[in-house]
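# What the coordinates show
Listed below are the residues making up each chain.
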Amino acid sequence: MRPKASLLILLILLGGLTSPLRAQQTGAVSGTLTNSLSGDVVPNALIVLEGQGGSRQVRTGPDGKFSFTNVSAGSYHLIARADGYLPLRSELTINAGSQTSDIRINPELHFSEVTSVSPEGKSSFETFQATDVLGGQELTREMQPTLGATLENQPGIALRSFGPGPARPVVRGLDGDRVLIVEDGLRMGDLSSQSGDHGVNVNPASASSVEVVRGPATLLYGANAIGGLVNVVTNDIPKAPVTRATGGFTFDAGSNAGQAGGAGDVTIGNGNVALHLSGSGRRAGDYKTPDGDVPNSFNRAGFFEGGLAYTAENGYFGGSFAYDKTHYGIPLVEEGETNLNPRRQIFTLRGEKRNMGGAFDSFRGSFGYRRYRHDELDGEVVATAFKNDTTELELLGHHKTLGAMKGSIGATVLTRSFEASGAETLSPPVDQKTFAGYLYEEIAATPHAQFQFGARVDHTKYRPDADPTESPERSFTEFSGSVGLLLLPTDSTTVAFSVARAARNPALEELYNNGPHGGNFAFEIGDPTLDSEHATGFDASLRWRGAAAAGEVTYFYNRIDNFIFRRLTGEVEDDLPVNEFAQGDATLQGIESHLDVRLGPVVWVEGGLDYVRGDLTSTDQPLPRMPPLRGRVGLRYQKNAFQAGGEGVFTAKQDRINFINTPDGPVGETATDGYNLLKLFASYSFAMGGKSTSTITARLDNATDTLYRNHLNFLKDLAPEMGRSFRVVYSVKF
C-alpha cells in the first residue's frame, strides 16, 4: 500500500472529531493522598476528576493535599497517579456542598500499567502474560546509555552487544528477528535485528517508560514478536487536551568513558491544539576496564522531535516529525577503525475517536514512515551503505461490550524496501509487504476469573531484485492464536496461564544473505527455501502483593518447530567461519522471578532468579548464545520519596555452548566464566513549588571494579566489560 493511500484511509476513518468543552458548575471536594504502606503523604501527584462533562486535574501540594472547586453534583471517577505508585481509580459521588475524600495509594513494587500486552492498557498485575515496566524513579535508577543496557537487569532480559554502542535486549534467550522493538507501538525501522554490530536508535532518557512483554506477542504485533516485545513509550503526539505547560528534563553523567547526556520535552496547548517538542543528546568516549581502555568504543547520539495535535473530549488527531543520528565505534576488529552512523527520519500520524455510537465505541489508527540509513566506515571511508525504508499502518476498533465480553478488531499493513551496497552487500535489494488482521477478546466470567482468546492471520511477501533462480520470490501466510486464563482469588493474588501458537516467516537475511558478515563474525549462507517457524508456548505466573511482600514467579516452555539457526559447517571463508542458515526443532524453557519483602517499616530486601535452557532437539545440541543462570539480591532503605541501597548480581558460568570439532580444533562458541557484581545507589524525589518534581539519583556500577565478560558480547574473548563507573542522574517533571 502506498503511503499516500494509507494516509487517506487514516484521515477518513479519524474524521469528525468535535471539541465542545462543557461549562464547569459549583461544588467542592478535597482530600489528602498518602502512601498505603508507610502512611507518608505523597506530594506532587496527579489527581484527575473525570465525569461526563469532562475531566479536571490538579497536583497534590507538599502536604499531600488536593482540592477541586466549582464541581457539579453527580458521579465521578477520582484517579491518582504518582511516580513509583500504582495508578488508582475510585468511584466518587459528589453532593451539594463541600466534602472530603482521602486517598491511599499503593507503591508499584514492579506492577505498573502496561499498554503493550492488550489493546487497552491494564495493570501488569492482571495481565495474561509476563510483563515488566520501567518508569519514574525506577527508570532513572536503571538508566544507561542504551536501551539494551537499561533493561539488562530485568527478569528474563539479557544484553547482546558488539561493544557498548550496538547493544540490544535478548528476551528469554531469543534475539534478532524474534524480538520486536517498537516506539509507541510502531516499529523502529532500523536494522538492529539483522546484525550484532547494529544498534537501536533510541535514547532511554527520552522515554517516559519502557514496557517489556516476555514471551510471544505475535497476536498484536506479528511474526517478529515471537520471542517478546519491547515498547519505548513517549509523548510524541499529545492525546489529551493541554491547558498548561508540561514536560520534563533529564541530565546524566558517568565517570567511566566520560559519559554525558541529556533529554527534554515540553507540551503546551490551549485546550484544543497541543504542541510537543523534545530532544536529546549523548556522548561517551572509549570505556575503561580493569585491564585498561578499549579503543574505538566511543558512542554519540542526537535526536529532535516535534508533534502537533488537535485534542478534544472524544478523541484526538495529530502528527509528528523526528530525526535521530547515532555514531559509534566497533572496537578491536578490522584494524580497530570500524564505525557506524545510523540515522532515521521519522514521520508519524495518530488519531483516536471515542464515545462512538453503533457497534464500536472507539477507534484508533497510526501511520508511520521510517527512512533509515547507515554507513559502515573504515576510518572515514564508507565500506558499506545500508538503506531501509518502511511504512506501517495500524487500525484498531474496540467494540461495545457484549455481556461479559470486551475486545478489539485490528489490521496492519507494512511495507519495507531494503538495499545494501559496498563491501558487505550480502543480500540483493528486497521489497517486503505484509498484511495482517487480528481479533482480541477478554471475558470477565466472574469477579475472580477472566478468559482471553484471540487469533491473527499474516501474509508476507518478499520480492528480491535479483536472478529469480538464485533469489526467488517468497510468500508466507501464517496463523497465530492464543488463549489465557487469569484467576484472582484475592485482591492481592493473581494466577495467570497462557497458551500461544505463534508463527514467524524467515527474515530476508535468512533467505538471501550470502557472503562475509563481520558484524556476526561469520560467512553467512542463506537458504531461499526455508519454511516458517511454528511455536507452541505455555506460561504460568503467580503474582502477589501486600503490605509486607510482593513478587512474581513465572515458568515458561516454548517449542519451536523449524527453528532457524546458523549451522556451523567447519569451513572457513574470508577468515570467517562458514554459517549456513538451517532448520531444526528446538525447545526453550525456564523460570523468571522477583521478590520484594519488607523487613521493617522502611527496609526492604529484594531478589530474583532467571534461567533459560535452549536445546536443538533435532541435533541434540544446546542452542547457541544462551544467557547463563543469574540471580539478584538487594537491600533497600525506602521512606516516601527517598531510597538507597545496594544490589548484587550473581551470574553463573555458561558452558552449555554450541560448537563442532574440526581437524583444526573446536569451532563455535567458547565457555564464559561466571562473575559477581555489586551496585550501590541512592535516589530522592522532591517537589518544587508544588508544580514540579525533581529526582536526583547517584549510582556506583561495578563497585568492586570486577573483571568480567558477558557471554552474549560478540567481543567477549577480546575485551572485558566496563569497570567501575559512578553515575549521577537528575530529572525534573512539571
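Residues numbered from 1 in each chain as written. Predicted model: local features only at pLDDT ≥ 70, side-chain atom pairs only at ≥ 80, totals over all residues. Heavy atoms only, no water.

## Some words on the overall build of the protein
Broken down by element type, the protein carries five helices and 47 strands. On C-alpha atoms alone, the protein measures out to a radius of gyration of 25 Å, which is about the 27 Å that the 2.2 N^0.38 rule sets for 734 residues. Relative to its full complement of 734 residues, the protein shows a buried share of 57%. Residue pairs in contact within the protein that sit at least 24 positions apart in sequence constitute 63% of those at least 6 positions apart. A total of about 28800 Å² of accessible surface is found on the protein, and carbon and sulfur atoms cover 56% of it. (Helix = DSSP H or I, 4+ residues; strand = E, 2+ residues; numbered from the N terminus. Rg over C-alpha atoms; globule rule 2.2 N^0.38 Å. Buried < 20%, exposed > 50% of the residue type's maximum accessible area, 1.4 Å probe, protein only. Contact = heavy atoms within 4.5 Å. Areas by Shrake-Rupley, 256 points an atom, 1.4 Å probe, with all protein chains shown as cover.)

## What about the environment of Ala312?
Here Ala312 shows up in strand E23 (residues 299–312). In the structure, Ala312 is positioned 73 residues away from Lys239 in sequence and 8.7 Å away in space, judged by C-alpha atoms.

## Digging into the sheet that holds strand E16 (residues 209–214)
Within the open sheet, the five strands sit side by side as E11-E16-E17-E14-E15. Their pairing is mixed. The strands lining the two open edges of the sheet, one partner per strand, are strand E11 (130–135) and strand E15 (186–187). The sheet contact formed by E16 and strand E17 (residues 228–233) spans six bridges and is antiparallel. What sits directly across from Val212, in E17, is Val230. (Pairing = 2+ DSSP bridges.)

## Topic: the packing of aromatic side chains
For the structure shown, the criterion picks out 11 aromatic pairs. Geometrically, the ring pair formed by Phe162 and Phe714 is stacked, given 5.4 Å between the ring centres and 20° between the ring planes. A residue pair is termed long-range when its members are at least 10 positions apart, and Phe162 in the loop between strand E12 (157–160) and strand E13 (168–171) and Phe714 in the loop between strand E46 (692–701) and strand E47 (725–733) qualify at 552 residues. Phe162 sits in the buried class, given a relative accessible area of 1%. Its relative accessible area of 17% is what places Phe714 among the buried residues. Ring geometry for Phe386 and Phe418: centres 6.4 Å apart, planes at 40°, overall tilted. One end of the pair, Phe386, is in strand E28 (residues 381–402); the other, Phe418, is in strand E29 (residues 405–422), with 32 residues separating them in the sequence. Neither Phe386 nor Phe418 differs from the other in exposure class; each is buried. Taken together, the aromatic side chains of Tyr637, Phe642, Tyr684 and Phe686 make up a single cluster linked through ring pairs. When the ring centre of Phe125 is taken as reference, the NZ or CZ atom of Arg545 above it lies at 4.0 Å. (Phe/Tyr/Trp six-rings, centres within 6.5 Å; stacked < 30°, edge-to-face > 60°. Lys NZ or Arg CZ within 6 Å of the ring centre and 35° of its normal.)

## Remarks on the nonpolar core
With 34 residues, the main nonpolar core has Leu147, Leu151, Val210, Val230, Phe563, Leu588 and Leu623 as its most contacted residues. Broken down by secondary-structure element, the contributors of at least two residues to this core are helix H3 (147–151), strand E14 (179–183), E16, E17, strand E37 (549–573), strand E38 (576–598) and strand E39 (603–616). Those residues within four positions of Leu147 in sequence are excluded, and the remaining contacts are Ile181, Val200, Val202, Pro204, Val210, Val230 and Val232. (Core = buried A, V, L, I, M, F, W, Y, C linked by side-chain atoms within 4.5 Å.)

## Some remarks on unusual backbone geometry
Positioned with a positive phi, Asn44 is a non-glycine residue whose angle comes to about 55°. You can see Asn44 is positioned in the loop between strand E1 (28–35) and strand E2 (46–51). Judged by relative accessible area, Asn44 falls into the buried class, the value being 6%. The backbone phi angle of Asp620 is positive, close to 55°, even though this residue is not glycine. Along the chain, the position of Asp620 falls in the loop between E39 and strand E40 (621–622). Asp620 gets classed as exposed once you look at its relative accessible area, which sits at 71%.

## Remarks on the side chain of His399
Locating His399 in the fold gives a position in strand E28. According to the relative accessible area criterion, His399 is buried, its value standing at 9%. Of note is the side chain of His399, whose polar atom sits 2.9 Å from the side chain of Glu441. Once residues within four sequence positions are removed from consideration, His399 is found in contact with Ala359, Phe360, Asp361, Met405, Lys406, Gly407, Ser408 and Glu441. (Polar contact = N/O pair within 3.5 Å; in protein donor to acceptor, adjacent residues only side chain to side chain.)

## Concerning the pattern of salt bridges
Counted by the stated rule, this structure contains 40 salt bridges. Salt bridges sharing partners connect three or more residues here, namely Arg141, Glu142, Asp596, Glu606, Arg636, Glu647 and Lys679. (Salt bridge = Lys/Arg side-chain N within 4 Å of Asp/Glu carboxyl O.)

## So, a negative patch on the surface
The grouping of Glu334, Glu335, Glu337 and Asp378 at the surface amounts to a negative patch. Structurally, Asp378 can be placed in strand E27 (residues 360–378). (Patch = residues over 30% accessible without salt bridge, like charges linked within 9 Å, V, L, I, M, F, W, Y side chains within 5 Å. Lys, Arg positive; Asp, Glu negative; His and termini not counted. Charge placed at Lys NZ, Arg CZ, Asp CG, Glu CD.)

## Topic: the pairing of E2
For E2, the buried fraction is high: five of the six residues fall into the buried class. As defined by bridge partners, E2 adjoins strand E5 (residues 74–81) across five bridges and the pair is classed as antiparallel. Bridging from a neighbouring strand, Ile47 pairs with Ala80 of E5.

## Focus on the pairing of E28
Examined bridge by bridge, E27 and E28 share 18 bridges and lie antiparallel to one another. Counterpart to Asp375 in the pairing with E28 is Ala385. Hairpin connection between E27 and E28: a loop of two residues separates the two successive antiparallel strands, and Gly379 in this loop has a positive phi of roughly 70°. When E28 meets E29, the two strands line up antiparallel, connected through 17 bridges. For Asn388, the partnering residue across the bridge sits in E29 and is Phe418. The antiparallel pairing of E28 with E29 creates a hairpin that spans two residues between the two strands, and Gly403 there sits at a positive phi of about 65°.

## A look at the confidence of the model for the protein
In the predicted model, the protein carries a mean pLDDT of 90, and 94% of its residues have values of at least 70. Per-element averaging of pLDDT across the protein places helix H1 (residues 3–13) at the bottom with 49 and strand E21 (residues 288–289) at the top with 97. (pLDDT = per-residue confidence, 0-100.)

## A look at the environment of Val572
The residue Val572 is located in strand E37 in this model. Residue class for Val572 comes out exposed when judged on its relative accessible area of 60%. Separated by 95 residues in the primary sequence, Val572 and Val667 have C-alpha atoms spaced 9.9 Å apart.

## With respect to the environment of Pro204
Relative to the assigned elements, Pro204 resides in the loop between E15 and E16. Assessed through its relative accessible area of 2%, Pro204 is described here as buried. It is 15 Å that separates the C-alpha atoms of Pro204 and Thr697, two residues lying 493 residues apart in sequence. If sequence neighbours within four positions are ignored, Pro204 has contacts with Leu139, Met143, Gln144, Pro145, Thr146, Leu147 and Thr150.

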